[in-house]
Amino acid sequence: MSVLDQAVYLVTVREGSEVYADMALVSLLSLKITNTSLPVRLVCDGESAQWLQGSGHRLPGLCDSVEAVQAPEGSLVYRHRWIKTQLPRFLRGSGIHIDADTLVRGSLTALPQGDWEFAAVPDYNRWDMDEHLRTLPHVIKAQELGWPLDLTRYFNAGVFCWKDTPAVHAFFAAWHRLWHEGVRAGELLKDQPSFNATLQAGLVSQATLPNAFNTMVLPSWDLSPEAVVWHFWSAGGWKEHSFAQLVEQAKHLSTERLTANVRRAIRFSRPWPNSGRGLARLLDWRGQRYGGYRTVERLWLSGQRRATVLHLLKRGRGTGRGSGAPR
């Protein structure tokens, strides 16, 4: 049963950083394709709202409302986190926050049952990442600040749901204070350590969202076919995927054509960059149907067309030389 009143995108942008607005545009189009009745709110700081309006970017016009927040002076990241860590302060009702670097592939209504007020997905889609997490600079910095962190119950802050309750407002206020403490004490702009430290304080009743609601595509590639949301945060510089191509297309394609390309991309089982019609669709179906992809299929779907041809030629020559010989 859905408790969602809205889906929320948070964007801070200025001239020269248009890519963040383009990313949100692509993600928003995927959301509108898959969740047609869910209102979409865009939240940004005043400077970003002014830039979006002055540049004529399409993003605000596709949202149901735009909330411009007067945030303090600072970098794009600082302003983004300043708003994010107190998001319900600027919005009424329950909602789901969705990072801009995502593709939404299905309905967001299948939320956990029960009496919960806040829900998120395990970081890396796993609970057993504590050894890796403790090596990350932002986690090390948080522990140096004395923040209690249980790294065996560590959530990702890219996609989360909240209900509009006093406890949730208290949670966000505490999260914002702790994040701001980290910024002042150690320039810790990352929001995830303070997010988890505040969650672990037990201020709000919690549920764990299914991995499908925030599938991090690089470490959780095998979960991609079942994903409701593909999250490219974890790609770490990897740009050979459909989302990167769509963001590039957002610079010059009409909204209609871009929407059509987004629709094709989210129908594929994985974020292949070569998510066109015809052959690619057939190869993707075959790989999904038979539980794996042959080399030639992986090469074609990953956009390596020249390598695909060379592989076929090499295989053909090998077959020709071997004909008639004992096997």
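Residues numbered from 1 in each chain as written. Predicted model: local features only at pLDDT ≥ 70, side-chain atom pairs only at ≥ 80, totals over all residues. Heavy atoms only, no water.

Where do I start with the overall build of the protein chain in this structure?
Regarding its fold elements, the protein chain presents twelve helices and ten strands. A compact globule built from 327 residues should have a C-alpha radius of gyration of about 20 Å, and the protein chain, at 22 Å, falls within 12% of that. If you line up the protein chain on its principal axes, its C-alpha atoms span 75 × 45 × 40 Å. The buried share among the 327 residues of the protein chain stands at 54%. By sequence separation, contacts in the protein chain at least 24 residues apart represent 73% of the contacts at least 6 residues apart. With an accessible surface of roughly 15,500 Å², the protein chain has 51% of that area assigned to carbon and sulfur atoms. Positive and negative charge centroids in the protein chain, built from 38 and 30 side chains respectively, lie 12 Å apart. (Helix = DSSP H or I, 4+ residues; strand = E, 2+ residues; numbered from the N terminus. Rg over C-alpha atoms; globule rule 2.2 N^0.38 Å. Buried < 20%, exposed > 50% of the residue type's maximum accessible area, 1.4 Å probe, protein only. Contact = heavy atoms within 4.5 Å. Areas by Shrake-Rupley, 256 points an atom, 1.4 Å probe, with all protein chains shown as cover. Lys, Arg positive; Asp, Glu negative; His and termini not counted. Charge placed at Lys NZ, Arg CZ, Asp CG, Glu CD.)

So what exactly am I meant to see when it comes to the sheet that holds strand 2 (residues 40–45) here?
Backbone hydrogen bonds are what pair the strands of a sheet, in a parallel or an antiparallel way. Spatially, 3-2-1-4-7-6-8 is the arrangement adopted by the seven strands of the open sheet, whose pairing is mixed. The outermost strands of the open sheet, each flanked by one partner alone, are strand 3 (65–69) and strand 8 (206–208). With strand direction ignored, the average angle separating the axes of adjacent strands in the sheet is 30°. Examined bridge by bridge, strand 1 (residues 7–10) and strand 4 (residues 95–98) share two bridges and lie parallel to one another. Counterpart to Val 8 in the pairing with strand 4 is His 97. Across the sheet, helix 1 (residues 19–34) touches strand 1, strand 2 and strand 4, and the angle it forms with strand 1 is around 175°. Across the sheet, helix 6 (residues 166–186) is in contact with strand 6 (118–122) and strand 7 (155–162); its angle to strand 7 comes to roughly 150°. (Pairing = 2+ DSSP bridges. Axes fitted to C-alpha atoms, helices over the stretch in contact; angles between N-to-C directions.)

Could you clarify how one ought to interpret the environment of Asn 211 in this entry?
Mapped onto the elements, Asn 211 comes out in the loop between strand 8 and strand 9 (215–216). Separated by 182 residues in sequence, Asn 211 and Leu 29 have C-alpha atoms that sit 22 Å apart.

Hey, could you run me through the sheet that holds strand 5 (residues 102–104) in this one?
In space, the three strands of this open sheet follow the order 5-10-9, with mixed pairing throughout. Looking at which strands have only one partner, the edges of the open sheet turn out to be strand 5 and strand 9.

I'm lost on helix 7 (residues 192–199) in this one. Help?
Two residues of an α-helix separated by three or four positions point the same way, owing to the 3.6 residues in each turn. Counted residue by residue, helix 7 has eight buried out of eight residues, so it is predominantly covered. Buried within helix 7 are the following residues: Gln 192, Pro 193, Ser 194, Phe 195, Asn 196, Ala 197, Thr 198 and Leu 199. Among the structural elements, strand 6, helix 5 (137–144), strand 7, helix 6 and strand 8 are those in contact with the buried residues of helix 7.

What's the story with the nonpolar core in this structure? I'm lost.
Soluble globular proteins: nonpolar side chains tend toward being buried together. Core analysis: the biggest nonpolar cluster contains 54 residues, and Leu 31, Leu 59, Ile 96, Leu 103, Leu 108 and Val 262 have the highest contact counts within it. Sort the elements by how many residues they give to this core and helix 1 lands first, with nine residues. The residues touching Val 262, leaving out its near neighbours within four places in the chain, are Val 26, Leu 29, Ser 30, Ile 33, Leu 103 and Leu 246. Listed in part, the 25 residues of the second largest apolar core include Val 43, Phe 90, Ala 120 and Phe 195. (Core = buried A, V, L, I, M, F, W, Y, C linked by side-chain atoms within 4.5 Å.)

I tried to follow the pairing of strand 2 on my own but got confused; where do I start?
The side chains of a regular strand alternate between the sheet's two faces. Counting buried residues along strand 2, five of its six residues qualify, which places the element largely inside the surrounding structure. Sheet topology note: the strand 1/strand 2 ladder contains four bridges and is parallel. The partner of Ala 7 across the bridge, within strand 2, is Val 40. Across five bridges, strand 2 lies against strand 3 in parallel orientation. Residue pairing across strands places Leu 42 opposite Val 66, the latter belonging to strand 3. Taken together, strand 2, helix 2 (residues 46–55) and strand 3 form a β-α-β motif whose crossover is right-handed. (Right-handed = clockwise from strand over helix to strand, strands pointing away.)

Even after reading the chapter, I still don't get the packing of aromatic side chains, so can you show me in this structure?
Ring pairs (aromatic) are described by centroid distance and by the angle formed between their planes. Summed over all chains, the structure comprises 21 aromatic pairs. Measuring from centroid to centroid gives 6.1 Å for Phe 160 and Trp 162, while their planes differ by 55°, and the two rings are tilted. The pair formed by Phe 160 and Trp 162 is uniform in burial state, with each residue classed as buried. A centroid spacing of 4.9 Å and a plane angle of 55° characterise the contact between Trp 175 and Phe 195, whose relative ring orientation is tilted. Linking Trp 175 in helix 6 with Phe 195 in helix 7, this pair joins segments that are 20 residues apart in sequence. Residue classification places Phe 195 among the buried positions, given a relative accessible area of 0%. Taken together through their ring pairs, the aromatic side chains of Phe 118, Phe 160, Trp 162, Phe 171, Phe 172, Trp 175 and Phe 195 make up a single cluster. (Phe/Tyr/Trp six-rings, centres within 6.5 Å; stacked < 30°, edge-to-face > 60°.)

Before we go on, may I ask you to explain the side chain of Arg 79 in this structure?
Its place among the elements puts Arg 79 in helix 3 (residues 76–84). Among residues more than four places away in sequence, those in contact with Arg 79 are Thr 12, Arg 14, Asp 45, Glu 47, Ser 48, Ala 71, Pro 72 and Gly 74.

Before we go on, may I ask you to explain the packing of helix 6 against helix 7 in this structure?
Relative orientation and spacing of two packed helices are given, respectively, by the angle between their axes and the distance between those axes. Two elements in contact, helix 6 and helix 7, have axes separated by 9 Å at closest approach and are oriented at 135°. As summarised for this structure, helix 6 and helix 7 are arranged oblique, according to the angle between their axes. Between helix 6 and helix 7 lies a crossing whose hand is right-handed. Across the interface between the two elements, Phe 171, Ala 174, Trp 175, Leu 178 and Trp 179 of helix 6 pack against Ser 194, Phe 195, Ala 197, Thr 198 and Leu 199 of helix 7. Tallied by class, residues from the contact of helix 6 with helix 7 come to eight nonpolar, two polar and no charged. (Parallel < 35°, antiparallel > 145°, perpendicular 65-115°, else oblique. Left-handed = near helix turned anticlockwise from the far one by under 90°. Nonpolar A, V, L, I, M, F, W, Y, C, P; charged D, E, K, R; others polar.)

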